[in-house]
Every structure is written in C-alpha cells, then in structure tokens.
Amino acid sequence: MDGEPVFFRRADHGARILVVDDDPLARRSLRAMLERGYYQVETAEGGVEAIALLSSYKPELVLLDIHMPGIDGLELCRRIREMPNGDLIPILFVTGDESPDIHAQAFQAKGDDFLRKPVLAAELIVRIRSLMRLKRLQAEVQAERDNLLDLQKQREQLIEFIVHDLKNP
C-alpha cells in the first residue's frame with residue numbers, strides 16, 4: 001500500500017461539453033484539448049446547429065465563440081439562458097476579439113467566464129473544472145434549499161395538526 005500512487009477520479013471526468021465555433025480548426029483544436037482532459041465533446045459550427053444539439057446532447061458546459069455568422073455567441077448565450085434550466089449550464093466564451101468592451105458584452109449576455117484565443121490547454125481545463133465545481137456546488141445548495149423548504153412545510157403542517165387537536169380535544 002505504501003508507495004503506491006493513489007488516483008482520484010475528478011468530479012468533472014467525462015462531462016459533456018458543447019463547443020460552438022464557426023472556425024473548423026478552432027473546433028478541432030478545442031475538441032482535442034478537451035478529449036485529452038477526459039471530457040465528452042460535441043461540436044457545432046454555429047448557433048442554429050447548437051440550438052438543435054442542446055436538447056438531445058444535454059451538455060454540462062458550453063464553450064462559445066462570440067463572432068459567428070447568423071446567431072452569434074452572445075445571442076446564443078441569451079437563448080440558452082431562456083431555456084428551462086439554461087441558467088444552470090456554465091457558459092465559457094472563447095474569442096479572438098481584442099476589443100476592450102467584449103468582456104462586458106459577454107457578461108451582459110450572462111456568460112460565466114471568458115478566454116481569449118489562442119487558448120492554452122491547461123488554462124482551459126482549469127477554467128472548466130472551476131465552472132463545473134461551481135455548478136455542482138450550486139446544485140447542492142439548491143437541493144439543500146429544497147430540503148429545508150420541505151422541512152418547513154412539514155413543520156407548519158405539524159403545528160396546524162397540534163393546534164387543531166388542542167382546540168378540538
């Protein structure tokens with residue numbers, strides 16, 4: 001036992017990621033980085049294709065390029081947020097745009113994080129792990145909140161029952 005390496009499976013291991021970018025080279029590069037990080041990856045070359053994939057693929061995280069023909073990444077992010085449970089999907093923008101206000105636009109569209117191209121594989125994986133960890137913690141907080149609401153409801157019902165019995169012995 002001593003001296004043997006201990007391996008832990010990351011919580012985000014095998015997570016489904018949707019990469020949306022109109023540049024085929026960028027899609028291939030991001031797919032390769034993500035698959036080396038042990039993620040399941042699906043790609044779309046634009047917003048319309050991504051919308052079609054969202055319901056069937058059910059990604060746990062979305063990587064979006066900002067500038068794409070048709071539905072750009074900012075509009076796609078807004079549409080994802082309007083979908084049922086779309087506010088729970090982490091969205092990471094990846095863009096080569098150097099304009100100073102692009103960060104603000106990405107966060108106004110309700111994106112969760114932002115990387116500039118060219119993307120370093122290590123930084124991409126760290127950002128994804130952080131977003132997935134936040135998503136997991138958010139889900140745990142939501143479950144705990146729901147549990148507390150159920151307990152509160154049971155408490156109120158019990159009090160009503162006791163008050164009723166006291167009034168009507």
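These lines cover the structure that appears in this document, whether it is placed above or below.

Here we take up the environment of methionine 83. Structurally, methionine 83 can be placed in the loop between α3 (73–82) and β4 (91–95). In this structure the C-alpha to C-alpha distance between methionine 83 and leucine 54, which are 29 residues apart in sequence, comes to 9.8 Å.

So, about the sheet that holds strand β2 (residues 40–44). Strand order in the open sheet formed by 5 strands is β2-β1-β3-β4-β5, with parallel pairing between adjacent strands. Across the chains shown, the open sheet's two edge strands, defined by having one partner strand only, are β2 and β5 (113–116). Shown here is a sheet whose adjacent strand axes are inclined to one another by a mean of 20°, direction ignored. In this structure, β4 lies alongside β5, joined through 4 bridges in parallel fashion. The residue bridging valine 94 from the neighbouring strand is leucine 115, located in β5. Along the sheet, helix α1 (residues 24–36) makes contact with β1 (16–20), β2 and β3 (61–64), crossing β2 at roughly 170°. Running over the sheet, α3 touches β1, β3 and β4 and is turned about 175° from β4.

Reading guide: rules and limits
Sequence order sets the numbering: in each chain, residues are counted from 1 along the sequence as written. Restriction of local features to residues with pLDDT of at least 70 applies here, the model being predicted, together with a cutoff of 80 or more for giving and counting side-chain atom pairs; totals for whole chains, interfaces and linings are based on all residues. Each side-chain value is worked out from all heavy atoms of the structure, with water and hydrogens disregarded. The helix and strand labels rest on DSSP assignments: H or I over at least four residues marks a helix, E over at least two residues marks a strand, and numbering proceeds from the N terminus. Here, any two strands with at least 2 DSSP bridges between them count as paired. Whenever a helix is involved, its axis is fitted only over the stretch in contact; in every case the axis is a line through C-alpha atoms, and angles between N-to-C directions fall within 0 to 180 degrees. Any two residues having at least one pair of non-hydrogen atoms within 4.5 Å are treated as being in contact.

Read these as geometric descriptors, not functional statements.
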